[in-house]
Amino acid sequence: MKTTNKVLAVLLAVTMLICVNGITATAAENAAASPGAKTTGTATIFDGYRLTVLDKTVPATDMRGRINDRTVMCFVSADDRELGVLLYSDYRAIIDKHKTLIRYADGSSLAVPPGGYEDWHDWFADEFNRLHSRATVSREEAVAAHISETIEEYRQELIRLVNIEREDAGLPAYIINDKCMQYSQLKASELPALFSHTRPDGTNAGYEIISAKSNTPAGVVKAWMESKGHRAAILNADRSYVGAGCYITSTGGTFWQMMFALDPEHHVNSFLNTTSIK
């Protein structure tokens, strides 16, 4: 009976430790490579190192140092949640073990990740994902999905904030129109190539306002309302329909567009039928 009680006590202690601290991987887990991973087999780069897994249900999209704690590196999701923690000393040891040195004529050198990766954190994130065989989504797909969700939230928020300005001015709210929304997103995606009211194919963009001055809807609406011309467009009493576009580049640049239409069926169709050059 005493032996049984001791075993139960040990099992309970281990269970509580896992619940509080996550699972620490010190040996390879049997896992197939997930999309985006550049290595194969069951061995992982974390074998023999102290990796604490906090959440293995979603893919890591990046790696960063923990604020106010330089002793650890964290694997994070697209919404910046910590999924795992690796000691900084182990992080450096893994880099030293797997790095390839590119030497230059001036005597300097650059340590690059294996497998054609350009960024160490991308490599680490993919290896972390491979540890748990996240075969349903890759790091790249998770990042793309997060950006897509953010863009849709931003577009709706842009319209909400603009309609608040109209309400404060005693004007009716703009009506969201699907064709206006489709064109606005198309036009926003063209702005990195040509930031202009003229489209890259040379056609006129229509009655619109654009910006690249802020990375939040609140910031861009504030900037528009402080500009006489943009404010007049937002508070135009003769326009009824609205579309909003937001485009986020791979480097984090954010471009905004809103169009205001009298008759979307007549005007917007001509814009959608023109060529887009991204």
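Residues numbered from 1 in each chain as written. Predicted model: local features only at pLDDT ≥ 70, side-chain atom pairs only at ≥ 80, totals over all residues. Heavy atoms only, no water.

This next bit is on the side chain of Arg166. Inspection of the secondary structure assignment puts Arg166 in helix H4 (residues 139-168). Here Arg166 occupies a buried position and makes no salt bridge, while the nearest side chain of opposite charge, Asp238, is found at 8.7 Å. Excluding anything up to four places from it in sequence, Arg166 contacts Leu171, Pro172, Ala173, Tyr174, Ile234, Leu235, Asn236 and Arg239. (Helix = DSSP H or I, 4+ residues; strand = E, 2+ residues; numbered from the N terminus. Buried < 20%, exposed > 50% of the residue type's maximum accessible area, 1.4 Å probe, protein only. Lys, Arg positive; Asp, Glu negative; His and termini not counted. Salt bridge = Lys/Arg side-chain N within 4 Å of Asp/Glu carboxyl O. Contact = heavy atoms within 4.5 Å.)

On to the sheet that holds strand E11 (residues 254-261). Strands in a sheet are paired, the pairing made by backbone hydrogen bonds, and the direction either parallel or antiparallel. What the 4 strands build is an open sheet, ordered E8-E10-E11-E9; its pairing is mixed. The sheet terminates laterally at strand E8 (175-176) and strand E9 (208-211), the two strands that pair on one side only. One ladder, built from 4 bridges, connects E9 with E11; its direction is antiparallel. Looking at the pairing, Ile209 lines up with Met258 of E11. Contacting E8, E9, strand E10 (241-248) and E11, helix H5 (residues 178-190) runs over the sheet at an angle of about 30° to E10. (Pairing = 2+ DSSP bridges. Axes fitted to C-alpha atoms, helices over the stretch in contact; angles between N-to-C directions.)

Turning our eyes to something else, we now look at helix H3 (residues 120-131). Taking 1.5 Å per residue, 12 residues should reach 16 Å; H3 reaches 17 Å between its end C-alpha atoms and fits that length. Of all the 12 residues making up H3, 10 are buried; the element is thus mostly covered by neighbouring parts of the structure. Here H3 has its buried residues at Trp120, Trp123, Phe124, Ala125, Asp126, Glu127, Phe128, Asn129, Arg130 and Leu131. The N-cap of H3, judged by a side-chain oxygen 2.7 Å from the amide nitrogen of His121 a few residues on, is Asp119. (Expected span 1.5 Å × (residues − 1). Polar contact = N/O pair within 3.5 Å; in protein donor to acceptor, adjacent residues only side chain to side chain.)

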